[in-house]
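Residues per chain are reported as follows:
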Amino acid sequence: MARASGRTALVTGAARGIGAAIAERLMSEGAKVALADVLDEEGAALVERLGERASYHPVEGPGG
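Everything quoted here is computed from the prediction, not taken from an experiment. (Residues numbered from 1 in each chain as written. Predicted model: local features only at pLDDT ≥ 70, side-chain atom pairs only at ≥ 80, totals over all residues. Heavy atoms only, no water.)

S.K.: What should I look at first to understand helix α2 (residues 40–50) in this one?
M.R.: Because an α-helix completes one turn every 3.6 residues, residues spaced three or four positions apart along the sequence face the same direction. If you check which residues of α2 are buried, you get G43, L46, V47 and L50. Mapping the buried residues of α2 onto a view down its axis gives an arc of 100 degrees, with all of them on the same face. More than 90 degrees from the buried face of α2, the exposed residues found are E41, E48 and R49. On its buried face, α2 sits against α1 (17–28), β2 (32–37) and β3 (54–58). Downstream of α2 by one or two residues, G51 has phi in the positive range, about 105 degrees. (Buried < 20%, exposed > 50% of the residue type's maximum accessible area, 1.4 Å probe, protein only. Helix = DSSP H or I, 4+ residues; strand = E, 2+ residues; numbered from the N terminus. Arc of directions from axis to C-beta. Contact = heavy atoms within 4.5 Å.)

Right, here's the structure in full:
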């Protein structure tokens, strides 16, 4: 059984870079992952690639 099985994680800044890598690692450990970012297209694409245990939640950027 994976270490994070049955858990849900929230990753902010998750659309690319370190945030995306963290989300991918958590998923590989069995977690469901909620991704949040201001980069809607990149966030949605990552969720599509990660599958049904991932969800994307857009946030407003500075001044938004």
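S.K.: Quick question: what am I supposed to make of the pairing of strand β1 (residues 8–12) here?
M.R.: Across a regular strand the side chains alternate sides, sitting on one face of the sheet and then on the other. Where burial is concerned, the two faces of β1 differ: the one with A9 and V11 is buried and the one with T8, L10 and T12 is not. Summarising the sheet, β1 and β2 pair through 5 bridges and their orientation is parallel. Each residue of the ladder has a partner; that of L10, found in β2, is A34. For the crossover from β1 across α1 to β2, the handedness is right-handed. (Pairing = 2+ DSSP bridges. Right-handed = clockwise from strand over helix to strand, strands pointing away.)

Purely geometric numbers; function is a separate question.
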